[in-house]
Amino acid sequence: MAEIAVLGHGVVGSGVLEVLLTHKDSIAKRAKEEIHVKRILDLREFPQLPYNGLFTKDFQEILDDPEIKIVVEVMGGLEPAFSYTKACLEKGKSVVTSNKELVAQKGAELLALAQKNNLNFLFEASVGGGIPIIRPISQCLAANEVTEIAGILNGTTNFILTKMIREGMVFADALHLAQQLGYAERDPSADVEGVDACRKICILASLAYGTHVYPDSVHTEGITAITKEDVGYASAWGGVIKLIGEAKMLENGRLHILVSPMFISRESQLANVDDVFNGILVRGDATGDVVFYGKGAGKLPTASAVVADVIDCVRHLRSNRKILYWEDAKPDYVEPWDVTPQDVFVRVTGEGDSDSLFDRAQQVFPKAVRLIRRDEEPGEAGFTLPQIAEEELREKEPDLEKQGLRLANRVRIADF
Ligand code: HSE
């Protein structure tokens with residue numbers, strides 16, 4: 001019998017209990033022994049639950065229990081999750097977590113501690129919820145050089161963009177609908193500002209390239225500036241707008257990594273990843289493109305990934321799995337985000353009809369290729385530019401202003 005404890009009984013924690021109880025026998029077969037939840041940490045009371053006798057408010061009770069060999073951390077947030085995880089690993093207990101903030105901020109330190117103590121620190125559920133992605137990158141694709149990872153990593157923003165694209169909704173209405181349907185938090189800032197997606201692409205890049213990337217070293221843009229007009233121009237170009245987390249190893253040995261909305265061609269394998277679904281494209285030099293698709297959040301999909309990690313821990317109780325490891329961050333490893341050239345869509349506004357605006361924009365950008373969206377209004381024009389760095393685009397803003405044009409928005413164009 002393997003005794004475990006679960007820290008947190010929120011959406012994921014209650015899902016973990018549900019999966020463990022409903023699949024008890026098949027899980028025992030796979031783990032080669034029965035898994036028993038001995039304690040659940042939560043400050044709230046759950047008198048209606050059949051297993052209410054397992055609850056404790058005292059973490060120390062779990063830490064000091066020598067029978068508990070595996071601890072599931074599903075509290076979320078950095079603290080006290082980090083202190084508890086560290087204490088467990090120091091005390092000889094393996095830890096399984098779904099907490100992307102914890103892994104993105106403290107992954108290198110916790111992985112090193114687990115390795116030193118011959119324990120496991122596993123986090124399949126931290127990226128993509130129920131989609132297997134951590135193990136595929138670290139094991140199944142291990143023979144490849146991963147040249148690029150690009151993912152739709154946030155379900156909330158993908159739902160909002162899908163409503164803007166399919167139903168012509170404006171951002172605020174689509175967000176409101178997402179909140180009504182329970183797809184967005186009451187405070188959705190971490191999602192719509194790209195912070196959640198940033199944590200996830202940092203975890204994937206750390207894993208794929210073996211060096212920790214901290215979220216604050218990554219340029220992050222969300223979807224709050226995306227308008228119906230941008231969506232219309234993306235359609236005229238032949239694609240859709242998606243919030244993408246992208247990581248690419250450059251020839252200079254530095255990592256290009258950012259989170260931003262991008263134009264995605266309708267031909268792309270990520271173009272039809274809609275609603276609250278996630279999709280992650282991993283480009284390997286031997287495999288070519290491999291795409292992972294599924295539910296990136298939610299109680300049972302996330303719990304399923306957590307419980308699979310618990311089974312893995314039970315099967316490797318006294319040995320570090322050695323499948324997950326990365327070094328701590330290196331100085332100058334992340335390429336400044338604004339120097340890498342990329343195709344870009346630009347929308348300008350100003351006085352006059354669209355033809356005249358575009359003619360004036362071409363004075364500044366001779367290589368501009370015009371896009372005409374359905375329902376285009378006077379006072380706006382849209383065009384694409386080949387291979388231009390953000391830095392250069394910024395430098396051209398005063399020239400646009402001299403032409404009576406305002407750079408209303410720019411959106412990168414993806415190459416996958
Ligand atoms: N809010 C997140 C999302 C949950 O929408 O994807 C999973 O990290």
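Residues numbered from 1 in each chain as written. Predicted model: local features only at pLDDT ≥ 70, side-chain atom pairs only at ≥ 80, totals over all residues. Heavy atoms only, no water.

As recorded by an unreviewed UniProt entry, the protein carries the name Homoserine dehydrogenase and is attributed to Candidatus Acutalibacter pullicola. Comment text from UniProt for the protein, heading Catalytic activity (unreviewed entry), reads "L-homoserine + NADP(+) = L-aspartate 4-semialdehyde + NADPH + H(+)". Per UniProt, the protein carries the Sequence similarities (unreviewed entry) text "Belongs to the homoserine dehydrogenase family." (UniProt positions renumbered as here; feature names shortened; annotations may be inferred.)

Moving on, we come to the pattern of salt bridges. The tally for this structure, following the rule as stated, stands at 32 salt bridges. Of the charged contacts in the structure, one is a salt bridge between Arg199 and Glu101, with a shortest N-O distance of 3.7 Å. On the criterion of sequence distance, the pair formed by Arg199 in helix H10 (residues 195-209) and Glu101 in helix H5 (residues 100-116) is long-range, its members being 98 residues apart. Owing to a relative accessible area of 18%, Arg199 belongs among the buried residues under this scheme. Where salt bridges share partners, they join Glu124, Arg135, Asp309 and Asp312 into one cluster. (Salt bridge = Lys/Arg side-chain N within 4 Å of Asp/Glu carboxyl O. Helix = DSSP H or I, 4+ residues; strand = E, 2+ residues; numbered from the N terminus. Buried < 20%, exposed > 50% of the residue type's maximum accessible area, 1.4 Å probe, protein only.)

Taking the UniProt record as the reference, the feature "binding site: NADPH" (unreviewed entry) is found at Lys100. Turning to its location among the elements, Lys100 is positioned in helix H5. Taking relative accessible area as the criterion, Lys100 reaches 27% and is therefore assigned partly exposed. Not counting chain neighbours up to four residues away, the residues in contact with Lys100 comprise Ser126, Asp196, Arg199, Lys200 and Ile203. (Contact = heavy atoms within 4.5 Å.)

Turning to the UniProt feature "binding site: NADP(+)" (unreviewed entry) in the protein, a few remarks are in order. Per the UniProt annotation, the sites labelled "binding site: NADP(+)" (unreviewed entry) are Leu7, Gly8, His9, Gly10, Val11, Val12, Gly13 and Ser14. Within the secondary structure, Gly8 is located in the loop between strand E1 (2-7) and helix H1 (11-22). On the accessibility criterion, Gly8 (9% relative accessible area) is buried. Beyond its immediate chain neighbours, meaning those up to four positions away, Gly8 contacts Gly13, Leu41, Asp42, Val74 and Met75. A residue is classified by how much of its surface remains accessible, and Ser14, at 15% relative accessible area, is buried. Among all residues touching Ser14, those that are not within four sequence positions of it are His9 and Lys299. Within the local environment of Ser14, its side chain forms a polar contact with the backbone oxygen of Val11, the two atoms lying 3.1 Å apart. (Polar contact = N/O pair within 3.5 Å; in protein donor to acceptor, adjacent residues only side chain to side chain.)

By secondary structure assignment, the location of Arg406 is in strand E16 (residues 405-413). Sequence separation between Arg406 and Val16 is 390 residues, and the spatial gap between their C-alpha atoms is 51 Å. Residues contacting Arg406, with those up to four places away along its chain left out, are Arg347, Val348 and Thr349.

So, about unusual backbone geometry. Between Glu79 and the following residue, Pro80, the backbone shows a cis peptide bond with an omega angle of 5°. As for its position among the elements, Pro80 is in the loop between strand E4 (68-73) and helix H4 (81-90). One non-glycine residue, Asn118, lies in the positive phi region at around 55°. Relative to the elements of secondary structure, Asn118 occurs in the loop between H5 and strand E6 (121-122).

Where helix H2 (residues 24-31) meets helix H12 (residues 299-315), the axes come as close as 9 Å, and the angle between the chain directions of the two elements is 40°. Taken as axis vectors, H2 and H12 run oblique relative to one another. Along the contact surface, H2 presents Ile27, Arg30 and Ala31, while H12 presents Val307, Ile311, Val314 and Arg315. Tallied by class, the residues present in the contact of H2 with H12 amount to five nonpolar, no polar and two charged. (Axes fitted to C-alpha atoms, helices over the stretch in contact; angles between N-to-C directions. Parallel < 35°, antiparallel > 145°, perpendicular 65-115°, else oblique. Nonpolar A, V, L, I, M, F, W, Y, C, P; charged D, E, K, R; others polar.)

It is worth spelling out the packing of aromatic side chains at this point. All told, the structure shown has 12 aromatic pairs when counted by the stated rule. When the ring of Phe365 is compared with that of Phe383, the centres are 6.1 Å apart and the planes differ by 45°; the resulting orientation is tilted. Of this pair, Phe365 sits in the loop between helix H13 (354-364) and strand E14 (369-371) while Phe383 sits in strand E15 (residues 380-388), and the two are 18 residues apart along the sequence. Of the two residues, Phe365 and Phe383, both sit in the buried class. Ring-pair connections join several aromatic residues into one group, and the members of that group are Tyr233, Trp237, Phe263 and Phe345. The ring centre of Tyr233 lies 5.7 Å from the NZ or CZ of Arg373, which sits over that ring. (Phe/Tyr/Trp six-rings, centres within 6.5 Å; stacked < 30°, edge-to-face > 60°. Lys NZ or Arg CZ within 6 Å of the ring centre and 35° of its normal.)

Burial along strand E5 (residues 94-97) is two-sided: Ser94 and Val96 and Val95 and Thr97, pointing in opposite directions, are all buried. Sheet analysis places E4 next to E5, joined by four bridges and oriented parallel. Considered in E5, the bridge of Ile70 is made with Ser94. Handedness of the E4-H4-E5 crossover: right-handed. As paired strands, E5 and E6 are joined by two bridges and run parallel to one another. (Pairing = 2+ DSSP bridges. Right-handed = clockwise from strand over helix to strand, strands pointing away.)

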